[in-house]
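Listed below are the residues making up each chain.
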Amino acid sequence: MAPSAPSGVPANFSQYPSGGGTAVNFEDLGVSPNQDIIHNTTPAKLYEYALKYEKGTIITDTGAMAAFSGLKTGRSPKDKRVVEEATTKDDIWWGPVNFPLTDESFILNRERAIDYLNIQDRIYVVDAYAGWDERYRLKVRIVCSRAYHALFMNNMLIRPTAEELKTFGKPDFTIYNAGCFPCNRAVKGMSSSTSVALSFERNEMVILGSQYAGEMKKGILTVMMYL
């Protein structure tokens, strides 16, 4: 049984710790409800979690949180992949920047990421918007194992109001960030222990082997520019 969450953060995976919202069945995402799922909590709570559970985290003299991103202190462009399928085959300029990936390899990485997330004591889920204009913005859901990652995207994207969360529903795009765990080098298309993979057909992004939070930001920027 997963340990109870700190005071004020319910362990019930179907609840929003702040702002209210509709219940979400995370089993649809492949995520087990048998752990603490910290869903749309406040920045203050994410500070608490990071300071308590993530080694190297400090609060600077300006009040900002500083976190340790492991071996990766920047993006890994040579490890980024886009799934080549019917909708992307003729629309992307494939080459030394845009590397193709098979759907089979994407699924293998996706399963590896979800397996990792499912064995953590707690995971964090952030629902937010990419884009300010309601006519074009995307509903994005981030599923990650680090409070630092959740806080980064909570700050980077547009936070829904309490009323908007009530009708947020199914996201348009989902990020599975298991960057604390390496990819399997034996999977076709992998060039290192890091993999940042996008699937426009599945509307998903999977991160393995890099804890650098900027991969999520750049991934969403790529999605918005492509669409």
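Residues numbered from 1 in each chain as written. Predicted model: local features only at pLDDT ≥ 70, side-chain atom pairs only at ≥ 80, totals over all residues. Heavy atoms only, no water.

Draft legend 1. Spatial organisation of the nonpolar core. Counting residues in each nonpolar core, the largest one holds 32 residues, and the members touching the most others are Tyr124, Ile142, Leu157, Ile175 and Ile220. Where this core is concerned, the elements lending two or more residues are α1 (43-53), β6 (122-130), β7 (138-144), α3 (147-156), β8 (173-178), β9 (195-199), β10 (204-208) and α5 (214-226). Residue contributions to this core peak at five residues, all from α3. Among all residues touching Ile220, those that are not within four sequence positions of it are Ala130, Val140, Met153, Leu157, Phe173 and Ile175. Grouped together as the second largest cluster of nonpolar side chains are 20 residues, Val31, Val143, Met190 and Val206 included. (Core = buried A, V, L, I, M, F, W, Y, C linked by side-chain atoms within 4.5 Å. Buried < 20%, exposed > 50% of the residue type's maximum accessible area, 1.4 Å probe, protein only. Helix = DSSP H or I, 4+ residues; strand = E, 2+ residues; numbered from the N terminus. Contact = heavy atoms within 4.5 Å.)

Draft legend 2. Layout of helix α2 (residues 103-118). Helix length check: α2 (16 residues) gives 22 Å between terminal C-alpha atoms against 22 Å at 1.5 Å per residue, within 8%. Looking only at α2, the buried set comprises Ser105, Phe106, Asn109, Arg110, Ala113, Ile114, Tyr116 and Leu117. All buried residues of α2 fall inside an arc of 165° around its axis, so they share one side. (Expected span 1.5 Å × (residues − 1). Arc of directions from axis to C-beta.)

Draft legend 3. Here's a closer look at the pairing of β9. Here β9 lies mainly inside the structure; five of its five residues are buried. Every second residue of β9 is oriented toward a common face, with Ser195, Ala197 and Ser199 on one face and Val196 and Leu198 on the other, all of them buried. Two successive antiparallel strands, β9 and β10, enclose a turn made up of four residues, where Asn203 displays a positive phi of approximately 55°. (Pairing = 2+ DSSP bridges.)

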